[in-house]
Amino acid sequence: MKKGRVYIVGAGPGDEKLISIRAMELIKEAEVIVYDRLAAERFLSYAKKNCETINAGKQPQNHRLNQTQINEVLIQKAKQGKKVLRLKGGDPFLFGRGGEECEALQQAEIPFEVVPGISSFYSVCTYAGIPVTHRNFASSFHVFTGHRVENGELDYATMAKMEGTLIFLMSMKNLESISQSLIKNGKDKHTPVCVIQWGTTSKQKSITANLKEIAQKAKDANIGHPSVVIMGEVVKQKMDWQKNRLLFGKHILLAGTGESVLEAKALLQEEGAEVTTYSAIQIVEKPENLIREIEMLKQYTWLFFTSVSSVEIFFDTMKKVKKDVRDLQGIRIFCIGEKTKQAVEKRGIFVDRVPQKYDSKSAAEEMPQFLSPKDKILFPASELAGTLLQEKAKSMGVEMARITAYENHINKEEKIKEYFQKEMFDAIGFFSASQAKNLFSIAGEDIKKCTLFAIGEATAKSIYAMGGEVTATAEVSTGTGLALTFLKESKQRTFVQN
């Protein structure tokens, strides 16, 4: 059997935007991903559906897999001919034991590649506004691990005399011992120190004090692992550049799928938010319901689409029965929503009408402008789509065949429920009424601890029906419109938990 290959990859410090292009390529291609706790789990959402994921995360006093076991897993999976990704927080060769894993692979004659990542030792300090070096205060820096100081790995006598900036990783358990030992060996007890926990993420927080007091101050502020400790005069130069990003420190869940969600995500990340995307809907296609109608397309004068999913399933079904755009000759197309329109037009077909507002109410109000009793409409939709369009067509004497092209099932992924229980999210943006209904079913009352936003009136009504309160509804029912609503509210008041 052909040997696989192992990729030892740095995922960066936590901010999703700080992962490399090469790392993201490998995540999408991997057949097996062995990941650390400090390598953000959000990256696993980019993996292939059939990718095997193995949590090898290490916490103080709680190792899921020890290093020997991790090495064995990498070798075993590679010998099965698989493309194996070892995803590690920060950089794999900077206190990440990447070197040990490479040695084990080399001894087993397994081919491997190493992809560097942005290290937390400088990126976390940057996000906290502290320059590791500064021409007027520090022209050098020194990085240490404080993980096992009891074994005498740190030479405090030498360290206390070092000029420049001292940085400690994995040191919270031993911070008091490190501080006292440095002072005992001659380090000025008034040296400024900053401890930064969960740097570059929405959970980032920090505490600043002098060397003598920092351990107690960090304890009082409940700052623990994982943290970066930076010592030296550069700490006095701390600049809060994040204050210019409206949403820094906020974790927003976008409940939806597709390009609209990605548009909103990009805008929110630009303003500093940590964004998780999740679809509470699992689409189950029902093409068999469409086949008969597609075989008799000539009887219809209009096609109505109200979602990207309905467009994709309709055209996929046409392909299955060997029909193409020529069979749509003489049939006009009506779409609700810019993304729905784009999904049609990317197939080389122009859309005839789109309502001014992207909702069913506006669409129904406009139907008398272009329909007559002579028309016949094919309306592929989900089983949960509203009945407003059907009712309007009936009142006008227009025949409409509404076909269930797909069903919306609840996506019962356990991880999202765990996130709600841990109160990880500050706010939620809902992209449809179905998303709201399903997510409330999954997370229950925990959703009400978050600030809720809706993409449109129908979605807002669904949230209210589930017992939630809507802070704001997008003026324009698009991903961009929803993101701008977040930003508008953030300028007017604090809309999310602190």
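About the thresholds
Residues numbered from 1 in each chain as written. Predicted model: local features only at pLDDT ≥ 70, side-chain atom pairs only at ≥ 80, totals over all residues. Heavy atoms only, no water. Helix = DSSP H or I, 4+ residues; strand = E, 2+ residues; numbered from the N terminus. Buried < 20%, exposed > 50% of the residue type's maximum accessible area, 1.4 Å probe, protein only. Polar contact = N/O pair within 3.5 Å; in protein donor to acceptor, adjacent residues only side chain to side chain. Contact = heavy atoms within 4.5 Å. Phe/Tyr/Trp six-rings, centres within 6.5 Å; stacked < 30°, edge-to-face > 60°. Lys NZ or Arg CZ within 6 Å of the ring centre and 35° of its normal. Salt bridge = Lys/Arg side-chain N within 4 Å of Asp/Glu carboxyl O.

What about unusual backbone geometry?
In step 1: Between H225 and the following residue, P226, the backbone shows a cis peptide bond with an omega angle of -5 degrees.
In step 2: Positionally, P226 belongs in the loop between α7 (214–220) and β12 (227–231).
In step 3: Even without being a glycine, N222 presents a positive backbone phi close to 60 degrees.
In step 4: Along the polypeptide, N222 turns up in the loop between α7 and β12.
In step 5: Even without being a glycine, E423 presents a positive backbone phi close to 55 degrees.

Comments concerning the side chain of Q197
In step 1: Its place among the elements puts Q197 in strand β10 (residues 192–197).
In step 2: Residue classification places Q197 among the buried positions, given a relative accessible area of 7%.
In step 3: A polar side-chain atom of Q197 sits 3.3 Å from the main-chain carbonyl oxygen of G224.
In step 4: From its side chain, Q197 meets the backbone oxygen of H225 in a polar contact 3.3 Å long.
In step 5: What Q197 contacts, discounting residues up to four positions off in sequence, is K203, Q204, K205, N222, I223, G224, H225, P226 and S227.

Observations regarding the packing of aromatic side chains
In step 1: Overall, the coordinates contain 18 aromatic pairs when judged by the stated rule.
In step 2: For the ring pair F314 and F315, a centre distance of 5.2 Å and an interplane angle of 90 degrees mean the geometry is edge-to-face.
In step 3: Taking relative accessible area as the criterion, F314 reaches 0% and is therefore assigned buried.
In step 4: Owing to a relative accessible area of 11%, F315 belongs among the buried residues under this scheme.
In step 5: Members of the aromatic cluster, joined through ring pairs, are W302, F304, F334, F370 and F379.
In step 6: Stacked on the ring of W198, the Lys or Arg K203 has its end atom at 3.7 Å from the ring centre.

Here's the deal with the pattern of salt bridges
In step 1: What the rule picks out here adds up to 24 salt bridges.
In step 2: One salt bridge connects E423 with K449, and the closest N-O pair in it is separated by 3.2 Å. In this pair, E423 is assigned in the loop between α14 (414–421) and β20 (427–430) and K449 in the loop between α15 (433–443) and β21 (451–454), connecting sequence segments 26 residues apart.
In step 3: On the basis of relative accessibility, which here comes to 48%, the residue E423 falls in the partly exposed class.
In step 4: Sharing partners across several salt bridges, the network here consists of D36, R86, K88 and E101.

The quantities given are spatial measurements derived from coordinates; they are silent on function.
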